[in-house]
Amino acid sequence: MSTVTADWSAAPATPWRERLKNPAWLLVPAAGFLAFIYLLPLFDLVRIAMSGATPWVYFERVFAVPLYWDALVRTMQISFTVAFLCLLFGYPTALLIHRSRGITQMLIATAIILPYFIAILIRTYAWMVLLGRNGPINKFLQWLGILSEPAQLLFNRGSVLLGMTAVLLPLMVLSIYSSVSRLDPGLTRAAQASGAGPIATFWRVLLPLTAPGMGAGFLLVFVTALGFFITPTLLGGPGDMMFAMHITQQADFVSSEGFLQALAVVLLAITLVVVAVAGRFLGFEFIWGGGKLNETHAKPQTDDTATSTTVTERRTIGMTIADTIGWPILRLLSALPGWTGTLTVRLMGGFVIATLIVPIIVVMIISFSKASFLTFPPPGWSFRWYEKFLTDSQWISAFTSSLTIAVISSAMAVTLGGLAAMGIVRSRIKGKTILMLLLVSPVIVPPVVLGLSLYSLFLQFDLVGTIGGLAAAHAIGGIPIVVVIVAAALQGVDPKLEQAASVHGASPITVFRTVTLPAIAPGLAAAAFFAFLHSFDELVLSLFLSSANLQTLPLRLWADVNYQLNPVLAVVSTLEVLLVVGGIILARPVLARSRAA
Amino acid sequence: MVQNVAWRGERPGGSTTHAGGTSNQSRTVIGSSIAINEVVKRYGSFVAADHISLDVQPGEFITLLGPSGSGKTTLLNLVAGFQKLDGGAILVDGQPIHNVPTHKRGFGMVFQSYALFPNMTVTQNVAFPLRMAGVDRETADRRVAETLEIMRLSEHAQKNPNQMSGGQQQRVAIARSIVMRPKVVLMDEPLSALDRRLRESIQIEIRDLHQTLGSTILFVTHDQGEALTMSDRIAVMDAGKIVQVGDPVEIYRHPNNSFVAGFVGESNLIDAEIVQKRGSTMTLKNRAGFVFNAESRAAIDVGRATVLVRPERIAISNEPTQNSIPVTVTSALFLGEILRIEAQMEGGETLLIRAGDSATRHLPDVGDVLHASWGAEDCWVLQ
């Protein structure tokens, strides 16, 4: 907001009437909302963490107690491994989408994107079913004769890594795919025509050109994994405690006031440092996966020889490394038959798709089970669990409160985020990137940290356990979704169309109503749907901010997953999958139109 | 083997003096012959290449000319190996190549989008084919330097492609395609992204380069002017077929059919009745009853025929001359070096006339009556 005023003072000649028309005003509601409910609590969190005898006393304890230090190291190790695994399996999958055509491409893309919109809790639950003692994997291994009795596949480091990788893979695939699909297809042909075989083309052309996408994907996954809480809690054993889990555990003790906040600040600081370093190299655009915003002061192409030489030098170093390390391996690999590459892409891509889709399908099948415990294949079929869900007043009331909260939250996010997107795209203020960074930053703050910081604010204003309070908290994460989608839709609107309407006599409001709004309507609809889903699936904030008399659906699920793993959860999961699929099918014509525009 | 070709220090000399069809005696031909036999390519039910046959001579500059969707790019992609044949065969120096993957065909290629690797400098882009072929560092450096000098890019060697203008980028792309001195260079509409003036100067550069290198060049364009300027021979394509192959003069003066006549240059196609045929001369009568002679290789000698008269071959005067036809001006434009006149003949057919500008000629008004005439050698009976 200070940037806004700074801009006005730079143009003192503008009459106040004109100043009121400045689209930058549209940023004020969202900025105010986020400042109050998001930035203020985070600052307060830091304040409490430093309120000990000396400002650093709690932090010293965090690093002095081996329990927390080990958890920190472990969290880093797990996040790094997960990001690496996602990259390893995500790249071939992105290539597979890129290389397939027509209906196959659509099916593969759907198989990747669909799980992305299903709640992490539900996807983790699906893995618990899959890996459980009576789950399909154990049954299959026994059937093969590899195992004589069911093995404990859950609650170890392997299951944590598997679950987290599966949950985060779509993020990586989408990130890489967006950079692969932007490539000029002529480049690979040019490489082939210049005598480069498939492997050389991959190594010298494809890989270097998609490196930014890989980097962005790796960091997004790494940063998200750092704050992960749900998946490691459900799939991990005692030796797999991640840092975020310690925070929620400490939150149960009143005595840990101060120290608890210090833990959260450490997690937040690490996340921000990683993002800052990454943004320095990749540009902060990697967070929202978009292109650069057209900054008014920035010149896109400068003939600055000084910068160009450094770029060249950096590239040359990269190439030297590629040459010294890569070529010997390449020479070995080029001895393999030509179809090896294609086969690898297909096998790894196919494996990834199976990893993403099979758990969901297994859960859907189990929801029709007759058995009173989780077993696969089900011994018989029945609707008893659906009946149980529909007749249980607790489930139904959780469902209705979730629905109410999600609708309110989505409306808040669309209003605030939509206005902010217009302000960002249409105004000529400086520091757009910084403003955008503020608007989308809630996606990188670990939910545990956000939940903890909000808790004291909510106590102060008596918002704990209220529908409005939860909706507002969920809107913090909804705003980034809306801003990114609507800003992209707005940037797709040809300014010439608006000029044409206004030349032919339309007032600014009429221009907006007749030209701009119809053009961004598909984007707004999609944004509303995704903001709705975000709130409907939200668990971690709700854990901190709800009370005994306000249960949301994810909270009910969470309680049941932890205490009695039964097929009612499969019913809820199936309904959620149907909701997402239905939403996407309904949104498809709308989305297709927006893509065509 | 390639090193033996003496092109070091040789500068592209002079402008395009090429008259078409004749090849320079002094140049070394390193190019391959390409035989395209009954090639078929289908996309679903759409036939993109319909039994195409074409023989390309070693060192020839041959242009595939046609509107978009005529199959010219498909044919080029088949030769390059980006797509698989559905029928027929392509032979290079007598060897079938359909089982040879693109990167082992040893061709050079220039793309419409330049397709320069954005992660490499100009030098690295040009050196790419040499690296892929495993040429040693020293030779590679020398060859890159030579090629950059020939393309007048030496001072841009360390730049990134995206810091350069379109024309410079395309010259880098050409440098990359010739650095191996390949036997065949494929060019896919390489000039269509450039503005007119730049296009003309690079046309001349490519033409001269072809003379120096002696490679076979297969060039795809939809611009008939470009095809006429650059080619030894032109293959005109329409709807997945080659409709005529010939040198530029032949294509322009003696088109096979009305498609070629209409696609290459401006044309008047006059519907006429055959009066009689004597040797290669045919006497015809148009709808208005105007009787004239025309050159013909057509097999027919009775009935109706379509006669091509190029607009610049029509003479006009204000007074009737021997065997002239009166026409009424419907539009007249001054284009600088020529006057472009549209006029109506008595039968209602429109005649397009391009008359050179001269001091004695003034621009006619709409409604003026002029007298148009042409000789037998200015007319061509389409088959």
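These figures come from a predicted structure and were not determined experimentally.

A.B. asks: A description of the interface of chain B and chain A should follow, citing residues and the corresponding values.
C.D. replies: Each partner contributes residues to the interface: chain B has 26 residues there, and chain A has 28 residues. Of the roughly 2400 Å² buried where chain B meets chain A, counting both sides, 59% is carbon and sulfur surface. Among the residues chain B hides against chain A, the three largest losses belong to H103, N119 and M132 of chain B. Together they make up 26% of the total. On the surface where chain B and chain A come into contact, there are 0 salt bridges.

A.B. asks: Give me the lowdown on the sheet that holds strand β7 (residues 184-188) of chain B, citing residues and values where you can.
C.D. replies: All names here are of chain B. The sheet built from 6 strands is open, its strands ordered β6-β7-β8-β3-β9-β10 with mixed pairing. Taken across any chain shown, the strands that pair with only one partner, and hence form the sheet edges, are β6 (108-110) and β10 (241-246). Taken pair by pair, the neighbouring strands of this sheet meet at an average axis angle of 15 degrees, ignoring direction.

A.B. asks: Residues and numbers for the sheet that holds strand β11 (residues 268-278) of chain B, please.
C.D. replies: All names here are of chain B. The 5 strands are arranged β11-β12-β13-β20-β14 in a closed barrel whose pairing can be described as mixed. Averaged over all pairs of adjacent strands, the angle between their axes in this sheet comes to 50 degrees, without regard to strand direction. Pairing geometry for strand β14 (residues 304-309) and strand β20 (residues 379-381), over 3 bridges, is antiparallel. Looking at the pairing, L308 lines up with W380 of β20.

A.B. asks: Which residues make up the packing of helix α3 (residues 27-49) of chain A against helix α18 (residues 393-426) of chain A, and what values go with them?
C.D. replies: Residue and element names in this part refer to chain A. For the pair α3 and α18, the least separation of the axes is 7 Å and the interaxial angle reads 125 degrees. Looking at the two axes, α3 sits oblique to α18. Both α3 and α18 take part in a crossing whose hand is left-handed. Each of L27, P29, A30 and F33 in α3 lies in contact with α18, whose residues at this interface are M412, L416, L419, A420, G423 and I424.

A.B. asks: Tell me what's going on with the confidence of the model for chain B, and back it up with residues and numbers.
C.D. replies: Confidence in the prediction of chain B, expressed as mean pLDDT, is 87, and 93% of residues score 70 or more. Within the model, pLDDT remains below 50 along residues 1-25 of chain B, and this stretch shows 37 contacts once partners closer than five positions in the same chain are excluded.

A.B. asks: Residues and numbers for the pattern of salt bridges, please.
C.D. replies: Residues and elements named next belong to chain B. Taken as a whole, this structure holds 20 salt bridges over all chains when the rule is applied. Between E146 and R142 there is a salt bridge, and its shortest N-O distance comes to 3.2 Å. Taken together, the residues E146 and R142, both in helix α3 (residues 137-150) and 4 residues apart, mark about one turn of the helix. Taking relative accessible area as the criterion, E146 reaches 9% and is therefore assigned buried. With a relative accessible area of 36%, R142 lands in the partly exposed category. Among the ionic pairs, R297 bridges to E250, the shortest N-O distance being 3.3 Å. Taken together, the residues span a long stretch of sequence, with R297 in the loop between β13 (291-296) and β14 and E250 in helix α7 (residues 248-253) at a distance of 47 residues. Salt bridges linked by common partners bring E266, R340, E342 and R354 together as one network.

What counts, and at which threshold
Residues numbered from 1 in each chain as written. Chains lettered and ligands numbered in written order. Predicted model: local features only at pLDDT ≥ 70, side-chain atom pairs only at ≥ 80, totals over all residues. Heavy atoms only, no water. Contact = heavy atoms within 4.5 Å. Buried area = accessible area lost by both parts, 1.4 Å probe. Salt bridge = Lys/Arg side-chain N within 4 Å of Asp/Glu carboxyl O. Pairing = 2+ DSSP bridges. Helix = DSSP H or I, 4+ residues; strand = E, 2+ residues; numbered from the N terminus. Axes fitted to C-alpha atoms, helices over the stretch in contact; angles between N-to-C directions. Parallel < 35°, antiparallel > 145°, perpendicular 65-115°, else oblique. Left-handed = near helix turned anticlockwise from the far one by under 90°. pLDDT = per-residue confidence, 0-100. Buried < 20%, exposed > 50% of the residue type's maximum accessible area, 1.4 Å probe, protein only.

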